Amino acid sequence: MFSGFVVQHFRCAKTIKFCIALLTVSLFLSPMYLIYCDHVELAGVESHYPTEDGFGWTPSSNNYTDYVNPFGSPKLRSQCNGHCQCLASEYHPVCAELASGKQVVFFSPCYAGCDAKYHPTTKEYNNCTCVGKHGISEIQRVKNGFCESKCTGLFGFLVLFAPFCFFAFAVGVPLISVVLRTVDYAERSFALGIQWILVRVIGTIPAPVLFGWMFDVSCIKQHEDPCSGEQGSCMLYQNKLLADLFMTFSVVGQLIAMIFLVCTLLFFSHSMRDDPPPVPKAIDDTTPDEFDPMLTEEGTPVKSKPELV
């Protein structure tokens, strides 16, 4: 509505410049994707267990990810949960809150080495051998589900996301106005049909495939079928990589649109034409209106009949 109200006072060239200005503003707002909430690393998948030899938390280190594993990438199966019969297909994350304020997410209570049964009243697990009970890694509690996010960047993201959507979607109406103004009246419906075919072929159809690829690339851990061993849906995503891909996709798309609009303005501005402004029709007061019911066929006024009292 805003862009439609503005472009009605512009000609074609100014309308294209207005579209370029809208895309420029949305382009500067695209780094909003860098404001994201990173997840707590999943022990055994993204990082090592705190109790593994050589990698645990010690009083001289506040983060066990500072250590380098000489034996390779982290594994779900470890010495701390070797006594448990755990299945990789059972994904029930639990959160260990430590006395130091740190949080660790485990794949399941079994992989956390929790021997005691789950307490539904307190919603906690006990005797979890993979968490550790020494030094700075002293357990405060192990609860069911993911750890609560302590991220405070959501408000900043929404503050930038609202104007980004406003300026990005405001380009649609001016572009339709340019198409309608630059073609003959009899070809306007055909021009709109060609425009929407291009929108569907270039944008609507490949976009879901591209977004699906971005989510697949950002997947950290996929569900495994216990019988066939085939991988299914994703259970955990890498937020940083997903944010970078979204920002790249947004910036590249807007740059391509701006390049096409600038080329149109440079090479085709001389051939653009606008609809002529409406000219008010002149009314001749000297010619009697033949359809005036108060005039006779000869053009003389009709005499009104006296009203009967």
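The name given to the chain in an unreviewed UniProt entry is Solute carrier organic anion transporter family member, with the source organism recorded as Steinernema glaseri.

Novice: Mind laying out the overall build of the chain, listing which residues take part and the relevant values?
Specialist: Looking only at helices and strands, the chain has seven helices and seven strands in total. Seen in sequence order, the chain has helices and strands lined up from the N terminus as α-α-β-β-β-β-β-α-α-α-α-β-β-α. Taken across its 309 residues, the chain has 31% of its residues classed as buried.

Novice: How would you summarise helix α5 (residues 188-204) if you had to cite specific residues and measurements?
Specialist: The end-to-end C-alpha distance of α5, which contains 17 residues, comes to 22 Å, matching closely the 24 Å that a straight helix rising 1.5 Å per residue would cover. For α5, the secondary structure elements touched by its buried residues are α4 (172-182).

Novice: Mind laying out the layout of surface pockets, listing which residues take part and the relevant values?
Specialist: In this structure, the largest pocket spans a volume of roughly 2000 Å³. Every residue lining the largest pocket is counted, 39 residues in all, and those nearest its centre are V171, L175, V199, G253 and A257. If you list the elements that add at least two residues to the lining of the largest pocket, you get α2 (12-28), α3 (154-169), α4, α5, α6 (206-217) and α7 (239-267). Looking at side-chain class alone, the lining of the largest pocket contains 30 nonpolar, nine polar and no charged residues.

Novice: Talk me through the state of the cysteines; I want residue IDs and the actual numbers.
Specialist: Here a disulfide denotes one covalent bond, and it connects the sulfur atoms of two cysteines. In total, this model carries five disulfides according to the counting rule given. For C80, the disulfide goes to C130, at an S-S distance of 1.9 Å. Taking the sign of the torsion about the S-S bond as the criterion, the disulfide between C80 and C130, at about 95 degrees, is right-handed. Of this pair, C80 sits in the loop between β1 (42-43) and β2 (94-98) while C130 sits in the loop between β4 (124-125) and β5 (139-144), placing them 50 residues apart in sequence. Linked covalently through their sulfurs, C86 and C110 form a disulfide whose S-S length is 1.9 Å. The sign of the -90 degrees torsion about the S-S bond sets the C86-C110 disulfide as left-handed. Taken together, the positions of C86 in the loop between β1 and β2 and C110 in the loop between β3 (103-106) and β4 put the pair 24 residues apart, joining distant regions of the chain. Relative accessible area serves as the criterion here: at 23%, C110 is assigned to the partly exposed category.

Novice: An account of the pairing of β3 is needed here, citing residue identities and associated values.
Specialist: Neither face of β3 is left uncovered, since the one carrying Q103 and V105 and the one carrying V104 and F106 both have all their residues buried. When β1 meets β3, the two strands line up parallel, connected through two bridges. Along β3, the bridge assignment pairs L42 with V105. In this structure, β2 lies alongside β3, joined through four bridges in antiparallel fashion. Bridging across to β3, E97 finds its partner in Q103.

Novice: Describe the confidence of the model for the chain, listing the residues and the values that go with them.
Specialist: Detail in the predicted coordinates should be disregarded across regions flagged by low pLDDT. Mean pLDDT over the chain: 75, with 73% of residues reaching 70 or higher. Per-residue pLDDT, averaged within each element of the chain, yields its smallest value for helix α1 (residues 2-7) (69) and its largest for α6 (90). Contacts of residues 53-71 to residues separated by more than four positions or lying in other chains number 40 contacts, the stretch itself having pLDDT below 50.

Rules used in this analysis
- Residues numbered from 1 in each chain as written.
- Predicted model: local features only at pLDDT ≥ 70, side-chain atom pairs only at ≥ 80, totals over all residues.
- Heavy atoms only, no water.
- Helix = DSSP H or I, 4+ residues; strand = E, 2+ residues; numbered from the N terminus.
- Buried < 20%, exposed > 50% of the residue type's maximum accessible area, 1.4 Å probe, protein only.
- Expected span 1.5 Å × (residues − 1).
- Contact = heavy atoms within 4.5 Å.
- 1 Å grid on protein atoms, 1.4 Å probe; cavity = no way out; pocket = protein on both sides within 12 Å on 5 of 7 lines; lining within 4 Å.
- Points joined across faces, edges and corners; volume = space filled by probe spheres on them.
- Nonpolar A, V, L, I, M, F, W, Y, C, P; charged D, E, K, R; others polar.
- Disulfide = S-S within 2.5 Å.
- Pairing = 2+ DSSP bridges.
- pLDDT = per-residue confidence, 0-100.

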